[in-house]
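Analysis of the macromolecular model
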Amino acid sequence: VKSIHITRIWALNCLNGAVDGCQTLSFEIFKLLSIFLLSYCSPLLEEAEYSEDTEEMVRDSAMSCLKALIETPLERNSSVPTNVEVIRQKLTFAQKAVANRCATESSSEDFDQGYSLEPSCDFREGLSLLPRS
């Protein structure tokens with residue numbers, strides 16, 4: 001296991017703990033963290049050698065952190081859209097995270113690493129690869 005991947009897993013777990021400890025988040029921080037985490041839910045597109053288990057651990061850590069982020073309430077102020085808009089955004093990020101997590105390396109050429117909110121491939125092909133819990 002390369003140290004960069006262990007560092008990523010550690011950092012994502014720390015971020016998960018920080019998000020879990022938040023009472024509320026601003027809508028802007030929610031969006032920025034969601035986009036960041038979506039990129040780690042996707043297959044790793046690096047030249048470095050890594051084990052498949054390590055990649056799965058990075059992607060699972062990102063999914064766990066995104067789950068905590070989506071469950072965290074948002075601050076109520078003038079910059080927060082209506083409840084319907086907030087729920088729509090959270091559902092969009094959750095759907096995109098599942099699509100990214102279910103993507104396989106063969107479908108990663110068509111993948112945008114989380115920066116677009118529109119699913120770009122059929123995520124159902126990777127559903128059988130998800131860990132059972």
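Every residue gets a number counted from 1 within its own chain, in the order that chain's sequence is written. Confidence filtering applies because this is a predicted model: local features only for residues at pLDDT of at least 70, side-chain atom pairs given and counted only at 80 or more, and all residues used for totals across whole chains, interfaces and linings. To get the side-chain values, take all heavy atoms of the structure and skip hydrogens and water.

This paragraph deals with the packing of helix α2 (residues 27-41) against helix α3 (residues 52-71). Two elements in contact, α2 and α3, have axes whose closest approach is 8 Å; the angle formed by their N-to-C orientations is 160°. By the angle between their directions, the pair α2 and α3 is classed as roughly antiparallel. When you trace α2 past α3, the crossing you get is left-handed. Here α2 contributes Phe30, Leu33, Ser34, Leu37, Leu38, Tyr40 and Cys41 to the contact with α3, which in turn contributes Val58, Arg59, Ala62, Met63, Cys65, Leu66, Leu69 and Ile70. Throughout, the ten residues Ala, Val, Leu, Ile, Met, Phe, Trp, Tyr, Cys and Pro are labelled nonpolar, Asp, Glu, Lys and Arg are labelled charged, and all others, Gly among them, are labelled polar. Per-class residue counts for the contact of α2 with α3 are 13 nonpolar, one polar and one charged. Fitted lines through C-alpha atoms serve as axes, helices being fitted only where they are in contact, and the angles separating the N-to-C directions of these axes extend from 0 to 180 degrees. For helices the rule is a DSSP run of H or I covering at least 4 residues; for strands it is a run of E covering at least 2, with both sets numbered from the N terminus onward. Roughly parallel here means an angle under 35 degrees, roughly antiparallel means over 145, roughly perpendicular means 65 to 115, and every remaining angle is called oblique. Note: crossing handedness is left-handed where the near helix turns anticlockwise from the far helix by less than a right angle, and right-handed where it turns clockwise. Contacts are assigned to residue pairs that have any heavy atoms within 4.5 Å of one another.

Note that soluble globular proteins tend to have their nonpolar side chains buried in a common cluster. Counting 21 residues, the largest nonpolar core has Phe30, Leu37, Leu66, Leu69 and Leu74 as its most contacted members. Of all the elements in the fold, those that place two or more residues in this core are α1 (3-21), α2, α3 and α4 (83-102). Nonpolar cores are built from buried Ala, Val, Leu, Ile, Met, Phe, Trp, Tyr and Cys residues. Side-chain atoms within 4.5 Å join them into one set. Only protein chains enter the accessibility calculation, which uses a 1.4 Å probe; a residue is then buried when its area is under 20% of its type maximum, exposed when over 50%, and partly exposed in between.

Another aspect to go through is the packing of aromatic side chains. Note on aromatic contacts: the rings of Phe and Tyr and the six-membered ring of Trp form a pair at centre separations within 6.5 Å, being stacked when their planes are under 30 degrees apart, edge-to-face when over 60 apart, and tilted otherwise. Evaluation of the coordinates by the stated rule reveals three aromatic pairs. A ring pair is formed by Phe30 and Phe93, whose centres lie 5.6 Å apart and whose planes are at 85°; its orientation type is edge-to-face. Here Phe30, found in helix α2, pairs with Phe93, found in helix α4; they are 63 residues apart in sequence, far enough to count as distant. Across this residue pair, the class does not change: Phe30 and Phe93 are buried.

Below, the discussion takes up the packing of α2 against α4. As a packed pair, α2 and α4 sit with axes 9 Å apart at the nearest point and diverge in direction by 10°. Considering the angle they form, α2 stands roughly parallel to α4. Listed contacts from α4 to Phe27, Phe30, Lys31, Ser34, Ile35, Leu38 and Cys41 of α2 are Val86, Gln89, Lys90, Phe93, Lys96, Ala97, Asn100 and Arg101. Tallied by class, residues from the contact of α2 with α4 come to eight nonpolar, three polar and four charged.

For the rest of this paragraph, the subject is the pattern of salt bridges. Criterion for a salt bridge: a side-chain nitrogen of Lys or Arg within 4 Å of a carboxyl oxygen of Asp or Glu. Scanning the model with the defined rule gives five salt bridges in all. As a salt-bridge pair, Glu71 and Lys67 come within 2.9 Å of each other at their nearest N and O atoms. Here Lys67 and Glu71 lie together in helix α3, a separation of four residues that amounts to about one turn. Look at the salt bridges and you will find they share partners, linking Glu56, Asp60 and Arg101 into a network.

In this section: the side chain of Thr72. Turning to its location among the elements, Thr72 is positioned in the loop between α3 and α4. Any pair of nitrogen or oxygen atoms within 3.5 Å is treated as a polar contact; in protein, a donor-acceptor pairing is required on top of that, and neighbouring residues in sequence qualify only through side-chain atoms on both sides. Polar side-chain contacts of Thr72 include one of 2.8 Å to the backbone oxygen of Ala68. The contact partners of Thr72, leaving out residues within four places of it in the chain, are Val19, Cys22, Gln23, Thr24, Leu25 and Lys90.

Another point: the environment of Phe30. Relative accessible area serves as the criterion here: at 0%, Phe30 is assigned to the buried category. When the C-alpha positions of Phe30 and Gln89 are compared, they lie 9.7 Å apart, and in sequence the two are 59 residues distant. Beyond its immediate stretch of four places on either side in the chain, Phe30 contacts Leu69, Ile70, Leu74, Gln89, Lys90 and Phe93.

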